Amino acid sequence: GENVEQHPSTLSVQEGDSAVIKCTYSDSASNYFPWYKQELGKGPQLIIDIRSNVGEKKDQRIAVTLNKTAKHFSLHITETQPEDSAVYFCAVISQAGTALIFGKGTTLSVSS
Amino acid sequence: GAVVSQHPSWVICKSGTSVKIECRSLDFQATTMFWYRQFPKQSLMLMATSNEGSKATYEQGVEKDKFLINHASLTLSTLTVTSAHPEDSSFYICSARWTRLNEQFFGPGTRLTVL
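As the structure is a prediction and not an experimental result, all values here were calculated from the model.

Q: I tried to follow the interface of chain B and chain A on my own but got confused; where do I start?
A: Interfaces are often sized by the amount of accessible area the parts lose when they come together. Contact with chain B, which involves 19 residues of that partner, is made by 19 residues of chain A. For the pairing of chain B and chain A, the buried interface totals around 1,400 Å² over both sides, and the portion due to carbon and sulfur atoms is 56%. In this assembly, chain B and chain A are joined by 0 salt bridges. One can count 4 residue pairs in polar contact (both at pLDDT 80 or more) joining chain B with chain A. With 4 residues, strand β10 (residues 103–106) of chain B is the single largest residue contributor to the side of chain B that touches chain A. Looking at the side of chain B that touches chain A residue by residue, the classes come out as 10 nonpolar, 7 polar and 2 charged.

See below:
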């Protein structure tokens, strides 16, 4: 089945710095790659996603890049703010085509 | 748009009792909903896929007789934890798939504590 590896598991940055989280996947047929932000005690919130026909997508301070050949995709957050502190999960659509398979998550801490 | 609600947000019950959790898509129809379980500081683990009008598909290792799933309409799926035990204590989260673009939106989660 699909395997998703996410790195790093924890990331600490200073306010204003950039943060990058990377995920690799195993199934070359995967075609949908979302990123979720989860705050403590809450459900995951979709923050950005990318599909296999696009190499990069940007939404204000957040961007996602996809390298289908290497089977990895990354989340980039620029000008980080303390409210960006949360757990971030990457996900990939499973081989069955409907269920998301999640990475293990990255705890991002932004200090002011 | 794309709001998913869950009820209750938290529940405490005695061992041996059953607990029902509701998941609703408020502003879109979802032919497919998913149930996840999350332990502290861990990732989300898919428990089952719920399709409207048909039986749920359970992941390996998830007991279908213990975690009953019903998807009676395009906006409502329920998870019933039967004969709950302390080891069932966890954070249960549902998601609804917006068919048109394959996006999934998550509910706020339900914290279950079994005493």
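Q: Hey, could you run me through the environment of Y92(B) in this one?
A: All names here are of chain B. With respect to the helices and strands, the residue Y92 is situated in strand β9 (residues 90–98). Residue Y92 is classed as buried on the basis of its relative accessible area, which comes to 0%. Separated by 19 residues in the primary sequence, Y92 and R111 have C-alpha atoms spaced 6.4 Å apart. Among residues more than four places away in sequence, those in contact with Y92 are Q6, I21, Y36, R37, M47, F67, L79, G109, T110 and L112. Among the polar contacts made by the side chain of Y92, one reaches the main-chain carbonyl oxygen of D88 at a distance of 2.7 Å.

What counts and how
- Each chain carries its own residue numbering, running from 1 in the direction its sequence is written.
- Chain labels run from A onward and ligand labels from 1 onward, assigned in the order the entries are written.
- The predicted nature of this model means local features are confined to residues of pLDDT at least 70 and side-chain atom pairs, given and counted, to a pLDDT of 80 or more, with totals for whole chains, interfaces and linings taken over all residues.
- Side-chain numbers here rest on the full set of heavy atoms in the structure, without hydrogens or water.
- Note on contacts: a residue pair qualifies if any of its non-hydrogen atoms lie within 4.5 Å across the two residues.
- By buried area we mean how much accessible surface two parts lose on assembly, using a 1.4 Å probe and totalling the loss over both.
- For salt bridges, the criterion is a side-chain nitrogen of Lys or Arg within 4 Å of an Asp or Glu carboxyl oxygen.
- Polar contacts, as used here, are pairs of N or O atoms within 3.5 Å; protein pairs need one atom able to donate a hydrogen and one able to accept it. Residues neighboring in sequence count only if both atoms are side-chain atoms.
- Helix and strand definitions here come from DSSP, where helices need a minimum of 4 consecutive H or I residues and strands a minimum of 2 consecutive E residues; each element is numbered from the N-terminal end.
- In this classification, Asp, Glu, Lys and Arg are treated as charged, Ala, Val, Leu, Ile, Met, Phe, Trp, Tyr, Cys and Pro as nonpolar, and every other residue, Gly included, as polar.
- Note on classification: 1.4 Å probe, protein chains only; a residue is buried when its accessible area is under 20% of the maximum for its type, exposed when over 50%, partly exposed between these limits.

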